[in-house]
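One-letter residues, chain by chain:
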Amino acid sequence: MAKILCVSNQKGGVGKTTTTNALAMGLRHLGRRVLCVDFDPQGDLSFGLRADNRVEMQNSVYHALKGELLTVQTIQHTPFCDVIPANMLLSGIELEFTGKGREYLLRSCLKPVLGQYDNILIDSPPALGILTVNAFTAADAVLMPVQPDIFSLQGLVQLSGTLEEVRRKSNPRLAPAGVLLTRFVARERASRVIQEAAADITRQLKLPLLNTTIRNSSILTTAQINREDVLGYKRNKAVEDYRRLLDELIAREVL
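Sequence order as written defines residue numbering, which begins from 1 separately in each chain. Local features in this predicted model are restricted to residues of pLDDT 70 or higher, and side-chain atom pairs are both shown and tallied only at a pLDDT of 80 or more, whereas totals for entire chains, interfaces and linings draw on every residue. No hydrogens and no water enter the side-chain calculation; it runs on all heavy atoms of the structure.

1. Considering the sheet that holds strand 5 (residues 119-123)
Stated formally: Strands are treated as partners if at least two bridges between them are detected by DSSP. Secondary structure elements are defined from DSSP: runs of H or I of at least 4 residues count as helices, runs of E of at least 2 residues count as strands, and each element is numbered from the N terminus. Contact definition: two residues touch when any of their heavy atoms are within 4.5 Å. Inter-axis angles, ranging from 0 to 180 degrees, are taken between N-to-C directions of lines fitted to C-alpha atoms, where helices are fitted over the stretch in contact.
If you walk across this open sheet you meet the 8 strands as 3-4-2-5-1-6-7-8, and the pairing is mixed. Every interior strand has two partners, whereas the edge strands, strand 3 (76-77) and strand 8 (209-215), have only one. The pairing of strand 7 (residues 175-184) with strand 8 spans 3 bridges and is parallel. Pairing of phenylalanine 184 across the sheet is with arginine 215, part of strand 8. In this fold helix 11 (residues 237-251) packs onto strand 1 (3-7), strand 6 (141-146), strand 7 and strand 8, with an angle of close to 160° to the strand it touches most, strand 8.

2. Structural notes on the pattern of salt bridges
How we decide: We count a salt bridge whenever a side-chain nitrogen from Lys or Arg sits within 4 Å of a carboxyl oxygen from Asp or Glu. Classification of residues uses two cut-offs on accessible area relative to the type maximum, computed with a 1.4 Å probe and protein chains only: under 20% is buried, over 50% is exposed, and between them is partly exposed.
Per the counting criterion, the structure on display carries 13 salt bridges. Across the pair arginine 252 and glutamate 248 runs a salt bridge whose closest N-O atoms are separated by 3.1 Å. On the basis of relative accessible area, arginine 252 is assigned to the partly exposed category, the value being 36%. Where salt bridges share partners, they join Lys16, Asp40 and Asp123 into one cluster.

3. Some thoughts on the side chain of histidine 63
Mapping histidine 63 onto the fold places it in helix 3 (residues 61-65). According to the relative accessible area criterion, histidine 63 is buried, its value standing at 2%. Setting aside chain neighbours within four positions, we find histidine 63 in contact with Gln58, Glu68, Leu69 and Leu89.

4. Description of unusual backbone geometry
Backbone geometry at arginine 235 places phi at a positive 55°, although glycine is not the residue there. Taking the relative accessible area as the measure of exposure, arginine 235 reaches 79% and is therefore exposed. Positive phi, normally seen in glycine, also occurs at glutamate 253, with a value near 65°. With respect to the helices, strands and loops of the structure, glutamate 253 is situated in the segment after helix 11. Note on glutamate 253: relative accessible area 61%, which makes it exposed.

5. Brief notes about the packing of aromatic side chains
Let me state the cut-off plainly: The rule is short: rings of Phe, Tyr and Trp, with Trp giving its six-membered ring, pair when the centres are within 6.5 Å, and they are stacked under 30 degrees, edge-to-face over 60, tilted in between. Two conditions define a charge located above a ring, namely a distance within 6 Å from the ring centre to NZ of Lys or CZ of Arg, and an angle within 35 degrees of the ring normal.
Counted according to the given criterion, the structure contains 0 aromatic pairs. Above the ring of phenylalanine 47, the side-chain terminus of arginine 227 is found at 4.4 Å from the ring centroid.

6. Notes on helix 11
For clarity, the threshold we go by: To estimate the expected span of a helix, count its residues, drop one, and scale the result by 1.5 Å. The definition of a polar contact used here is a pair of N or O atoms within 3.5 Å, where within protein one atom must be able to donate a hydrogen and the other to accept one, and adjacent residues in sequence count solely through side-chain atom pairs.
Across its 15 residues, helix 11 extends 21 Å between first and last C-alpha, which sits within 8% of the 21 Å expected from 1.5 Å per residue. In this structure, the buried residues of helix 11 make contact with strand 1, helix 1 (16-29), strand 6, strand 7, strand 8 and helix 10 (218-225). One side-chain oxygen at the N-terminal end of helix 11 lies 3.1 Å from the backbone nitrogen of alanine 238; it belongs to asparagine 236. Phi turns positive one or two residues past the end of helix 11, at glutamate 253, with a value near 65°.

7. Thoughts on the nonpolar core
Rules: Take the buried Ala, Val, Leu, Ile, Met, Phe, Trp, Tyr and Cys residues and link them wherever side-chain atoms come within 4.5 Å; each set so joined is a nonpolar core.
Membership of the largest hydrophobic core comes to 46 residues, with the highest contact counts inside it found for Val37, Phe39, Leu110, Ile120 and Ile122. Counting residues per element, this core draws most heavily on helix 7 (residues 130-138), at 6 residues. Judged by nonpolar contacts, the second largest core, of 34 residues, contains Val7, Leu180, Ala223 and Leu246.

8. Notes on the state of the cysteines
Definition in use: The disulfide criterion used throughout: a pair of cysteine sulfur atoms within 2.5 Å.
Across all of its chains, the model carries 0 disulfides by this definition. Free cysteine cysteine 109: the closest other cysteine sulfur is in cysteine 6, separated by 15 Å. In this structure cysteine 109 comes out as buried when scored by relative accessible area, which is 9%.

Following this line, the structure appears as structure tokens:
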């Protein structure tokens, strides 16, 4: 049965999609059966993993949620891993589904394919609406990437509140996988100060702060733009960090 990890933050630009991509690549290198679910209408994860997420394809996660296609019919087999793609149609879910039980849409979609994979990774949108609630309801754990700035840390309070609400109402098994500092520059005093502040805030919120930090690197962006394996670059510090992150999450039994 697949372990389901959601990567989430309501703030954009924190490395959420990059982290999902890198973890998927790392798990594939370990021989795991991996399914990525792009749950962000921007579709950046779909693009980076070479999935076809054009609106006219009519086989995205949106169509599975609406029951127009079986989940297995929306899965694309890319050179990297299996992907359920997303595009801008997904943004309509907020308005189209307003009735009782709408937070269980994604969980219901994934249930038929859980036995086919070792790990399912969900890239959630940069917002705390019904899409993120769906992702949390379907997941076993939530990984929270944050940049080393005070605004990102303040956002953790709201994110933690959403996590607790979902645990009370729709998914009592949901666990925090940890807070991950991204775009970290160890030699900068500001980053070190934020790291100390992050330790205080996560302790107050009862969230684990991961030992791994991800250093800033343009290579990560380049790999996604070129639709390449993010972990395929050798002797890159950020790539090494993501390998350490994979090891830490496996040791914590998140993956």
